[in-house]
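Inside the fold
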Amino acid sequence: MPGLQLFGRRWAIASDDLVFPGAFELLVRVIWWIGVLVLYSVHKGHFDCLGGALLQSYFIVLLVMLGAVICCMSSIVYISMQGTISNPGPRKCMPKLVYIRLALYIPEFAWAIMGAIWVSDNGVQCDKTVVHVILLTVIASWLIMLFTTIAIVIVFDPLGRKKALYYVRDEDHNLESSQSDQLLYNFKKTATRVWETRIRLLCCCIGNDNDNRVAFSSIAQLLTSYFADTDLVPSDIAAGLTLLHQEQDKVELSRDPDEVLSQSPSHPVRDDLEVELGKAAHYMQFAAAAYGWPLYVYSNPVTGLCKLCGECCQSRRAQHDIVGGDNLNCHFGSILQTTGLQYRDFIHISFHNRIYEIPFFVALDHKTEAILVAIRGTLSLEDVLTDLSADCENLHTDGVDGDCFSHKGICQAASYIYRRLINDGILNQAFTVAPVSGH
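Everything numeric in this text was worked out from a predicted model, so none of it was measured.

Another point: unusual backbone geometry. Phi is positive for F7, close to 55 degrees, though the residue is something other than glycine. In this fold, F7 is placed in the loop between strand 1 (5-6) and strand 2 (9-10).

Right, let's talk about the sheet that holds strand 5 (residues 360-365) for a bit. Overall, mixed pairing links the four strands, which are arranged 3-4-5-6 in an open sheet. In the strand order of this sheet, the two ends are held by strand 3 (322-323) and strand 6 (370-375), each with one partner. Relative to strand 6, strand 5 is paired through six bridges, and the arrangement is antiparallel. Directly across from L364, in strand 6, lies its bridge partner I371. Here helix 13 (residues 330-339) sits on the sheet in contact with strand 3, strand 4 (346-350) and strand 5, set at roughly 135 degrees to strand 4. With respect to the sheet, helix 15 (residues 408-422) is in contact with strand 3, strand 4, strand 5 and strand 6, its orientation differing from that of strand 5 by roughly 50 degrees.

This part is about the nonpolar core. The biggest cluster of nonpolar side chains holds 21 residues, and the ones touching the most others in it are W32, V36, L55, Y58, F59, L62 and I134. Looking at this core, the elements with two or more residues in it are helix 1 (19-42), helix 2 (52-80), helix 4 (105-120) and helix 5 (128-155). Setting aside residues up to four positions removed in sequence, W32 forms contacts with L62, L66, E108, T137, A140, S141 and I144. Formed by 17 residues, the second largest nonpolar core is a distinct cluster that contains L4, I13, C72 and L97.

Our focus in this paragraph is the pattern of salt bridges. Applying the stated criterion across every chain yields a total of ten salt bridges. Taking the shortest distance from any N to any O, the salt bridge between D157 and R10 comes out at 3.1 Å. Of the two residues, D157 is situated in the loop between helix 5 and helix 6 (160-170) and R10 in strand 2; the sequence distance between them amounts to 147 residues. Each member of the pair, D157 as well as R10, carries the same accessibility label: buried. Across the salt bridge formed by D383 and R376, the nearest N and O atoms sit 2.6 Å from each other. The same class applies to D383 as to R376, namely buried.

Here we take up the packing of helix 1 against helix 5. Helix 5 packs onto helix 1 with a crossing angle of 160 degrees between their chain directions and a minimal axis gap of 12 Å. Taken as axis vectors, helix 1 and helix 5 run roughly antiparallel relative to one another. The hand of the helix 1/helix 5 crossing is left-handed. Contacts from E25, V28, R29, W32 and L39 of helix 1 reach helix 5 at V133, T137, A140, S141 and I144.

Moving on: the side chain of S350. Position of S350 among the secondary structure elements: in strand 4. Overall, S350 belongs to the buried group, its relative accessible area being 1%. In this structure the side chain of S350 is engaged in a polar contact, spanning 3.5 Å, whose partner is the backbone nitrogen of H352. Ignoring any residue separated from it by four or fewer positions in sequence, one finds S350 in contact with V323, P359, F360, Y416 and R420.

With five of its five residues buried, strand 4 lies for the most part within the structure. With two bridges connecting them, strand 3 and strand 4 associate as parallel partners. By the bridge assignment, I322 is partnered in strand 4 with I349. Bridge count between strand 4 and strand 5: four bridges; the pairing is antiparallel. When the bridges of strand 5 are listed, H348 appears paired with V362.

One full turn of an α-helix is made of 3.6 residues, so residues set three or four places apart face in the same direction. Helix length check: helix 4, at 16 residues, gives a terminal C-alpha distance of 22 Å against a target of 22 Å (1.5 Å per residue), a fit within 8%. Of all the residues in helix 4, the buried ones are Y105, E108, W111, A112, G115 and W118. Buried residues along helix 4 cover an arc of 140 degrees about the axis, so they all sit on one side. In this structure, helix 4 carries I106, I117 and S120 as exposed residues pointing more than 90 degrees from its buried face.

All right, on to the UniProt feature "transmembrane region" (unreviewed entry) in the protein chain then. Residues annotated by UniProt as "transmembrane region" (unreviewed entry) correspond here to residues 26-43, 55-79, 99-119 and 131-156. With 94% helix and 0% strand, residues 26-43 has its two end C-alpha atoms placed 26 Å apart. Secondary structure across residues 99-119 comprises 95% helix and 0% strand; the distance between its end C-alpha atoms is 31 Å.

Attention now goes to the environment of V30. Within the fold, V30 resides in helix 1. In the structure, V30 is positioned 36 residues away from L66 in sequence and 8.1 Å away in space, judged by C-alpha atoms.

The rules we used
Residues numbered from 1 in each chain as written. Predicted model: local features only at pLDDT ≥ 70, side-chain atom pairs only at ≥ 80, totals over all residues. Heavy atoms only, no water. Helix = DSSP H or I, 4+ residues; strand = E, 2+ residues; numbered from the N terminus. Pairing = 2+ DSSP bridges. Contact = heavy atoms within 4.5 Å. Axes fitted to C-alpha atoms, helices over the stretch in contact; angles between N-to-C directions. Core = buried A, V, L, I, M, F, W, Y, C linked by side-chain atoms within 4.5 Å. Buried < 20%, exposed > 50% of the residue type's maximum accessible area, 1.4 Å probe, protein only. Salt bridge = Lys/Arg side-chain N within 4 Å of Asp/Glu carboxyl O. Parallel < 35°, antiparallel > 145°, perpendicular 65-115°, else oblique. Left-handed = near helix turned anticlockwise from the far one by under 90°. Polar contact = N/O pair within 3.5 Å; in protein donor to acceptor, adjacent residues only side chain to side chain. Expected span 1.5 Å × (residues − 1). Arc of directions from axis to C-beta. UniProt positions renumbered as here; feature names shortened; annotations may be inferred.

Written out as structure tokens, the structure reads:
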């Protein structure tokens, strides 16, 4: 769905996105108009007070102005409901209606100022009810204009002028190839800067060092490559994800079993399956423990906090190799509760978390006679940025012919874990403490 073109630029809103905000404003305006009309009818013959003539003129103009706004908003809502996402033709007159609606803000702004002056005039001696209604009207006017300004800021697209120019030039078949390539290059360069600025603002709490800037730049380039040459607005992306989710649910519900067993499996097969499922359930405890106290409390909403009270607020840093922050030892306490291990069974615990650097712990599992490395998945904003670093990265794999590619963020995180385990001697320490079979 193409973005709305207004004032020679593209905006991050489509012509079919004005149904619900327009309907809400229309409802407010209708209620407002009826209330003012009733009040004017009740006090029609009582405008002989000091300042009453100005008050009567204020009411009349306000009723006319509200009526014009109601007519305009009704047209916007009606036109916005026409057509479909792929057929915006019935909504081609939407920019003209938006221009008319914005023009009506000029007299409304002037009338709000006039109402504020009238209410603040101490010489007015009209009915207090009327004065209070005028005050509410003025407040409502300023609130609507404030929310409208906020909405304009939200749907403002910093690339609006360049996008409008790019899409117009792209439709010109007489444009030379070199000019088209240069236009696309300049557009993508500007789009990358805009995306990088957005990411920095959203992630201002995680710092802006050199490593983070490199990650921000990489993510910005990826987002630019996906969205630079598509005329989509955020509501289209949300609608697409919703439809995709619905289709996936339909596929899952209608999927038939790949294979139907006509008889029970033999005992050896069933026993092997039970053994593997038991191992998976056992190791899943360590995978869940790596998420720390948030997942533990979520999994045990009633008793989780009570069980952690005995583990928190205790200083065990001197007894264990713990890296990174663990306020009140709640993460470590939840790991103990989830895995059932003892303090001495942990070789290394890292709660250090940055982009491409994720928390993990190394522990001795005497039940399976293994050294376990449990790595946490996505939990923090840094982890989200690691996931968004989705460029392809060359992966050198011994014994595999041809090119191999991997997810850049995941590959960088795996390399970080590998360096810590091997270069820092963590695995050597584990095998020295307990020379088990080591999985």
